[in-house]
Every structure is written in structure tokens, then in C-alpha cells.
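# Reading the structure
Letter by letter, the chains look like this.
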Amino acid sequence: MPREEPPYYGKNGEPRKYDPSFKGPIYNRGCTDIICCILFIICILGYVAVGILAWSQGDPRKVIYPTDSRGQFCGQTGTPLETKPLLFYFNIMKCASPMVLLEFQCPTTQICVEKCPDKFMTLLKAHTNKEDFKYYKNFCKDGLNDQMSAPDILMSRLCPAMLIPSKPFTRRCFPALGLKGGKITVGNESTFNDGQGNIRNAEDLVAGVKNATVVIEARQVAMKIFEDYTHSWYWILLGLVIALLISLLFIVLLRYLAGIMVWVMIVMVILVIGYGIFHCSMEYVSLKSEPGSNVTLKDLGFQTDFTVYLHIRQTWLAFIIILSIVELIIILLLIFLRNRLLVAIALIKEASRAIGYVMSALFYPLFTFALLAMVIAYWAVTAVFLSTSNQPIYKVFNETACEYSRNTCAPANYSTSIMKSQCPDSQCLFAFYGGETAYHKYLIGLQFYNVFLFFWCANFVTALGQMTLAGAFASYYWAFVKPGDMPAFPIFASLGRSLRYHTGSLAFGSLILSIVQIIRVLLEYIDHKLQGTQNKITKFLLCCLKCCFWCVEKFIKFLNRNAYIMVAIYGKNFCTSARDAFFLLMRNMIRVAVLDKVTDFLLFLGKLLIVGIVGIFAFFFFSGKVKAFENTAPTLNYYWVPILTVMVCSYLIAHGFFSVYAMCVDTLFLCFCEDLERNDGSAARPYYMSASLHDVLFENKAVGETESNKSLQHQPEDQEIQMKRQQFPRQEKDEDV
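Residues numbered from 1 in each chain as written. Predicted model: local features only at pLDDT ≥ 70, side-chain atom pairs only at ≥ 80, totals over all residues. Heavy atoms only, no water.

Formally: UniProt positions are given in the numbering used here, feature names are shortened, and annotations may be inferred rather than shown by experiment.
You'll find the protein chain entered in an unreviewed UniProt entry as Choline transporter-like protein, with Esox lucius given as the organism. Heading Function (unreviewed entry) of the UniProt record for the protein chain holds this comment: "Choline transporter." Per UniProt, the protein chain carries the Sequence similarities (unreviewed entry) text "Belongs to the CTL (choline transporter-like) family."

As C-alpha cells, this is what we get:
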């Protein structure tokens, strides 16, 4: 007898069947993806171990304070150098050596001083005057006494041969170079005595200063940005509080005035971007008569003072073009999607109704923010300690030929070493931070592990929020009588289920996403390293790989999001849930493309509006454009630093709150698709969807629509609940038969 073939439901899987026992999120469930859960816990314990190791070996003072030739920190609190915050070079001209750019250290003695020298002076001249020598000793090493002769002092390298008027720059003393009569000067003089009887031109100092500044140029920008943060952090926090309040206000208004608020968001986004175009145009016109404003960005090149770019007309022209393109794209999308906007607005209204039953969902993003802040803080602190956990390396520096030049040395016993005896004029000076131990050899691996676990933990926190919200909103949808059939605390019940049963599934989904993200980071790193190459094939392949993995990341985020919804409802493992969600969406592809994505676009406009409002206020405050804020705003090196910080963080805050609506829409949409497959709207198998959602998503103009469907679409909410109460006993009787 031939075996009966199972029915074929197509390539998108078998539709859901009617199940009278299904009442929404299943409570009787078991743990899923246990192996991945165990792996995640082990990796977290390893992450804690890496943090402890980094904290025991690292020293953040290496980033904050300059270091003298003995590896001591200038200006460190609680040390003898606390009152000496500046670094002084004995002979800045030796910084002109090309080795400076390789070893990041000038081959001259460096000491910590209280202030930089402010006048010309040589050791030979100062030694003959008691008051001058007293001043000169402020720039000498310990061990100097008044009985020593000037030649002995120079031979012992206790003092510099000369002092040059200098100014502090990034906690270092650099010659006070100027321009007078077309000639470079130092201390208003075009020449100086080098302390060895030679008259030198001030131009000889330029090369040394240039190399020294190249070494610290990146640190200079970083320190200025850090300084701006220290001066404006409380105003930045105030801006973020305002962004949080505006986001919360928008969400609450969406709950009660969804239709009006969506149209308000659309109009205000267009107006805000339009104002940006107007402001940039005014700046562009105002610079027309300014000298030097017509310089091109290409000719200007890279400048560490980014405010220079705001005095160039081409910068504002670029802003005008970018904002105009964004404005045009938004207007065209609104025109092409005009027939679907009303449907998407109705879907947002239904999401508002669901949030009305689960009001605690509005505040859940605060919990997610707190967890993400902990993850980011742990990663940042660990990264700083890892990057500063190297040991001080000392090398031999000399003025004459020496076979031990640039060899490592030990400063404690260098004076009695063979290297010193064979190279009498050599010195053992601090060079940089490094190390040759096993810990230092694998330091790059620990940094990689820190980055990877950061991605994994951050994605896990985000996934936990998505599954928690999905479980709460699914409880709303599958409640036959709302809110009577819903849990007392939907958010807490869903959070408990997610952590108790599905930590492994959350870890599995976030692990896959983290692997893709770390690959993208590696591709960016490789691309950065190969920027100097001219191999067009390599550049093309890297560009293709980056584009492909960007698409892969977006697809995995989409799949994970819907998989978490299915896990929250059915309690199955991650792979099964991802497959079921994918097939369910494929069976409803038209609805996905038409409705779900249009809703995402409207919510994205809401995020842009909040960022635009907060960004405009931040710009006028920090830039000092408004006279009312001139005395209140802090004095900054780069006023764009707090502005960009406020705008980026405002987007993240708005995204956190609007993600509640986005998750609600996605959950209701999947539940609706399942409801259509499980039920047919008859008295025995009534729909769980509300009448308004039925009107939004159901094809009510299809041929052959039953009378029961029509009556359900037009029933008021109270009559709908009464009808369901009457149908439910009838359904139980049918099941008993």
C-alpha cells in the first residue's frame, strides 16, 4: 500500500491551525538554548576576569599627565611633582630628529617644572649671578648644588645649557615663537645663544617644535575635547533631560492624539529642515564679503581647529545641499506614500490603544538605558585600563656614535653599566610605554575580547527589551476580554519569563549579531590600514565586503526582532522561532512591505523632529549666537562638541522611547497575521483583533466576505466585547462535543 504523502503548503511553511486552547503567551514553557546560555555566562565571567586584570595592571594617569625622563607624572596629586604640572625639554632642538616620529619621545632630558621660562638665559651667564642662578635652578634636575662649576653641571647634565622664553601648550613648554618683520622670532628676538657660545637663528627651533607637536597633535585635540566636556557636561545633561521630556511628551500625546500628532510631526520635520536650509543660506551669504572665505575645503586641508571650517563658504554650501536633498527625499516619500499614510496612522492609533493597557511600557526604556550605560561604562573603563597597562620602557639616547643607541636600559644602574662606560655621553631616558611579558604580548587579544563582549552584552540588553515588550503586547492582543484576561503586570511578567526561560535564546541571537558587527569593525580597521595603497581591486573588494556585511547586519536585526516576538509568545528555541517568524512574514509579504515599513518611516520622522528641536536650541546656546545666553554659555574650544553630543544622545533617547511603539506595531502585526490563519471570524472561531485593527489591516473589500466579518468590523468596542462573551461559551460547548 503506497504511503500517503503529507500535504504541501508551499515554500513558506504550513499556516497556523485553529487551536481552542491557545490563549496568547504560553506560561507552561521550558528553558531554551541552554548551551548558549552556559557559554554566555562563562564569557561574562571571563569578561569580569579581564576587567580585574586590566584594573590591576593599568594606570589611567598615563593618559592624563605628561611623563618626565624618569617615567614620573607631572602634576599628579599626592606626589612631590604635584606643584609641577608642566613638562620642560632641556634642548627642544633635538626633537627635530626623525626618530621622534618613530619612538614618540625627544632624545633630550625632560623634567617637570612649575612654570615655563619667560626669558633668555644661559647657564654660563646665570652661574655668575646669584639671583639668576636661583631662577635657573627651577629648570634643573635634583642633585645640583651651588659649589659645582658650570662645566661640571653641563657634564653631569643636571641643567640645560640655555633657557628660551616658552609658553605652556598641552602641559608642555614650547618656545614662544612669533613673526616680526617677516622673520621668525622667539621672545621677540630673531637669534639666541645656545649656551655653548654659538648664536643660533630662531628658525632652528621650528623643526624641533614641529616634530614635538606632531607627536602630541592627536592628544591635543583629544585634550581640548575633554576640556570642553568638563566645562559643559552639566549643560549637556540638561539638554538630554530636555530631550527625554520631549520624547516622553510625544509618546504620551501619541497615546491620546495619535492622528493629530503624526501630522504635526510630518509638518514640523519639514519646517525644521527648512529652517536649517534657511540658516545655512544666510551664513553662506554673510560670508560673501569676508576675506579668505572663498578658500576651498580641499585647499584648506585638515585642521585641528574645526571652527575654521565654519568661516568657509563652501562648508555652508555643503550643508545647504545635504539638507535640501534630505528635505526633497522626505517630501517625495510622503507624496508616494500618501495613500498608505492613513493606514499607517491607524496602525499607530491601535498601538496607542495597546500601550494604554500597558502604560508601564513607556518607562521600560529607562531600564534599558540604565543597563546599556553600565555596559558602556564597563567597556570604556576596561579599555582605558588595558591601553594604559604597559610598563615604562627606557632607551639609550646619545649625541655621538654609539653601538648601544636606542637599546633598552635600566635607569637605576645605568651609570655603572657597560653601555655607559663605552658611551660616556649617553643617557638612559624614558621612551614610551610597552612590555615584553606574556600579558603585554596578548594585550591586543584582550582588547579584542573587550570589544566583542561589549557588542554581545549591548545586543543582549537590547534583545531583552525587545522580548519583554513583545511578551507584554502579545498578552494584550491575545486577551479575549481586555483587560480582564491580561496579567496584572504584563511588563514584569514578560521580563520574568524572558530571564527565567530564554536567556539562552537572547544570548544566541545577540551572539550572531555581535559576530557580524565585529567582522564589520575588522573590515573598517583593514580599510584604515590600507588607505595609503593604490590597489583599486583591494579597495573595491573591501567596499563590497563592507556593503554586504552591512546588509547582513540589517537582515539579522530584522530576523532577531521577529524571532524574539515568537519566543515571547510560544516559548520555543531561537532557531525554531526565527524560522516560524520568517515564514509567517513571507506568507504576508505584501502587508509587511506596505504597512509595517511605512509605520517605521513615520516613527523615524518623530525621532528626527526631536533631534532637530534639541539640536537647534543647543546650537543657539553653545555657539553664543543669542545675546541672552552669551554670559551663561561656557567658553569652549569647539562649541560643536556639546552640540553633536546632545544631538546624538537625543536621537538615542528618542529611539529608545519610539522603539516602544515600533515594537508594539511589530508585535501586533505578527499577532494579526497569526490571528488570520488561526481564526476565520465566525462565532466558533472569532478574531482576537479589535474592530479598529480589523478595519485597518483586513481586506474588507475582498469577494466572499462573510456577514459575521462585516458585523465585527462595524461593532463598537463595548458591543464587540459583549459579542465575544456570548461566543466564548458556545466555543467551549463545541469543544466538549
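Structure's up, so let's keep going.
## Some details on the layout of surface pockets
A probe as big as a water molecule, rolled over the atoms, marks out the empty space that is left. Test applied: Lining residues are defined by having an atom within 4 Å of a point belonging to a cavity or pocket. Those points lie on a 1 Å grid over the protein atoms alone, cavities being sets where a 1.4 Å probe fits but cannot get out and pockets being open sets with protein on both sides within 12 Å along at least five of seven lines. Grid points are joined across faces, edges and corners, and a volume is the space filled by probe spheres set on the points. Secondary structure is summarised from DSSP: a helix means a run of H or I of at least four residues, a strand means a run of E of at least two, and numbering begins at the N terminus for each.
In this structure, the second largest pocket encloses a volume near 1,100 Å³. Considering the residues around the second largest pocket, the lining is formed by 31 residues, among which Phe-319, Leu-323, Ile-643, Leu-644 and Met-647 are closest to the centre. Among the secondary structure elements, those contributing two or more residues to the lining of the second largest pocket are α8 (258-286), α10 (313-336), α20 (589-622) and α21 (640-678). It is α20 that contributes the most residues to the lining of the second largest pocket, 8 residues altogether.

## As for unusual backbone geometry
Heads up, the rule is: Relative accessibility thresholds used throughout: buried, under 20% of the residue-type maximum; exposed, over 50%; partly exposed, between the two (1.4 Å probe, protein chains only).
Here the phi dihedral of Asp-33 falls at roughly 50°; this positive angle occurs in a residue that is not glycine. For Asp-33, the position within the fold is in the segment before α1 (34-57). Note on Asp-33: relative accessible area 18%, which makes it buried.

## Here's the deal with the environment of Ser-389
With respect to the helices, strands and loops of the structure, Ser-389 is situated in the loop between α12 (364-387) and β11 (391-397). Here Ser-389 falls in the buried class, since its relative accessible area comes to 2%. In sequence terms Ser-389 and Ser-56 are 333 residues apart; their C-alpha atoms lie 8.4 Å from each other.

## Quick notes on the pattern of salt bridges
Stated precisely, the cut-off is as follows: We count a salt bridge whenever a side-chain nitrogen from Lys or Arg sits within 4 Å of a carboxyl oxygen from Asp or Glu.
Enumeration over the complete set of coordinates arrives at 9 salt bridges. Put simply, Glu-553 and Lys-557 hold a salt bridge, and the shortest N to O gap is 3.4 Å. A residue pair is termed a helical-turn pair when its members lie 3 or 4 positions apart in one helix, as Glu-553 and Lys-557 do in helix α18 (residues 536-570) at 4 residues. Lys-557 sits in the partly exposed class, given a relative accessible area of 36%. The residue Arg-678 makes a salt bridge to Glu-674 at a minimum N-O spacing of 3.5 Å. In this pair, Arg-678 and Glu-674 are both assigned in helix α21, 4 residues apart and thus about one turn of the helix distant. Under the relative-accessibility criterion, Arg-678 is labelled buried at 7%. Bridged by salt links that share partners, the residues Arg-520, Glu-553 and Lys-557 form one connected network.

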